[in-house]
Amino acid sequence: MLTNKPTIIAITGASASGKSLFAQTIYDELFPELGENGISIIKEDAYYKAQDHIPLAIREQTNYDHPDAFEHELLTEQLHQLTENKTIKSPVYCYKTHTRTTNTIDIAPTPIILVEGILLFSNKALRDSFNMKIYIDTPLDICLIRRIKRDMVERGRSLDSITQQYEKTVRPMYYQHIEPSKSWADIIVTRGGKNRMAIEVIKAKIRQLINK
Ligand code: C5P
Ligand code: MG
C-alpha cells in the first residue's frame, strides 16, 4: 500500500537506442536500496495489439513502428490504476509470434515506475501520465547495428527480414513519429544505457523523490 502516488518516469527513443539498458541499469542499481516494492519497469512493447485473429504471414508485415500498432489506451488506463494503488495485469508479448501470449503478469504499484518504449510520447493522454520524460538520443546507425545483432539473436529474425522491415517501416516511422517526439522530453540523454553521468543524475533525482 503506497502512501503517495507513484512517480512515473518515461524513457523513449529509437529502437535499439539503449532505452531498455538505461531503464534496467537504473533499476538494478537502485534495487539494493529500494527493493521490489520500491521500483518497477513497464515495457510499452507489452502493449502491442493482440493479433491472434490475423495469419502469421500477415502479422509479419504489420507496421510495428506506427502508434496504431499499440494499445496505448490500455497502457494509459493501467498506469492510472497504479496511481490509484491498484495492481494491474500487464499483457505479455511474444516477438516470435507477433502477438500477446495468454499470460499476464501482476504488477503492483511502486513509488517509482519506469516505463520504456519507442512511442511513449505519441499519445497525449499517455504522455500526460508521466511525471518525467526522458528521450534517449543515440545516432541511428548505432541503433541499426544493435538492432541487427539483437533481432537475429533474441527475436529469431533473418538478416533479410530485418533489413526489409528497416527500410519499409522502422526508419521512415522513426523520422515521422519518434524523432519529432523529442520535443516533449524534459531530459535528452545521449549514448543511452552507456551514459554513466545521466544514469547517476536520474538515480539521484529518484533518491530525492523517495526521501521527500
Ligand atoms: O526494443 P525496441 O524498442 O527496439 O522494440 C521496438 C521495435 O520492435 C520496433 O521498432 C518494432 O519494429 C519491433 N517489433 C518487431 N516485431 C514485432 C513487434 C515489434 O520487429 N512483432
Ligand atoms: Mg527494448
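- The name given to the protein in an unreviewed UniProt entry is Uridine kinase, with the source organism recorded as Thalassotalea marina.
- As its UniProt record puts it under Sequence similarities (unreviewed entry), the protein is described as follows: "Belongs to the uridine kinase family."
- Regarding the protein, the relevant UniProt record gives this comment under Subcellular location (unreviewed entry): "Cytoplasm".

1. Digging into a nonpolar patch on the surface
Here's step 1: Among the surface-exposed residues, Met152, Val153 and Leu159 lie close enough to one another that they form a single nonpolar patch of about 300 Å² accessible area.
Here's step 2: With respect to the helices, strands and loops of the structure, Met152 is situated in helix α5 (residues 140-153).

2. Points about the site of ligand 1
Here's step 1: The environment of ligand 1 is made up of 17 residues, and the closest members are Ser15, Lys19, Asp65, His98 and Arg147.
Here's step 2: At 2.9 Å, a side-chain N or O of Arg150 approaches an oxygen atom of ligand 1.
Here's step 3: In the environment of ligand 1, an oxygen atom lies 3.0 Å from a nitrogen or oxygen atom belonging to the side chain of Gln165.
Here's step 4: When ligand 1 is considered free in solution it has 480 Å² of accessible area, and contact with the protein chains removes 98% of it.
Here's step 5: Broken down by secondary-structure element, the contributors of at least two residues to the shell around ligand 1 are α5 and α6 (159-178).

3. Some words on the nonpolar core
Here's step 1: Ranked by size, the top nonpolar core spans 33 residues in total, and within it Ile42, Tyr48, Leu75, Leu79, Val115, Leu120 and Phe130 carry the most contacts.
Here's step 2: Of all the secondary-structure elements, those providing two or more residues to this core are β1 (7-13), α3 (72-83), β3 (88-94), β5 (112-116), α5 and α6.
Here's step 3: Considering each element in turn, this core owes the most residues, four residues, to α6.
Here's step 4: Residue contacts for Phe130: discarding those within four places in its chain leaves Ile8, Ala10, Leu79, Val115, Leu120 and Phe121.
Here's step 5: Counting residues in each nonpolar core, the second largest holds 19 residues, with Tyr27, Leu30, Met132 and Ile202 among its members.

The rules we used
- Residues numbered from 1 in each chain as written.
- Chains lettered and ligands numbered in written order.
- Predicted model: local features only at pLDDT ≥ 70, side-chain atom pairs only at ≥ 80, totals over all residues.
- Heavy atoms only, no water.
- UniProt positions renumbered as here; feature names shortened; annotations may be inferred.
- Patch = residues over 30% accessible without salt bridge, like charges linked within 9 Å, V, L, I, M, F, W, Y side chains within 5 Å.
- Areas by Shrake-Rupley, 256 points an atom, 1.4 Å probe, with all protein chains shown as cover.
- Salt bridge = Lys/Arg side-chain N within 4 Å of Asp/Glu carboxyl O.
- Helix = DSSP H or I, 4+ residues; strand = E, 2+ residues; numbered from the N terminus.
- Near = heavy atom within 4 Å.
- Polar contact = N/O pair within 3.5 Å; in protein donor to acceptor, adjacent residues only side chain to side chain.
- Core = buried A, V, L, I, M, F, W, Y, C linked by side-chain atoms within 4.5 Å.
- Buried < 20%, exposed > 50% of the residue type's maximum accessible area, 1.4 Å probe, protein only.
- Contact = heavy atoms within 4.5 Å.

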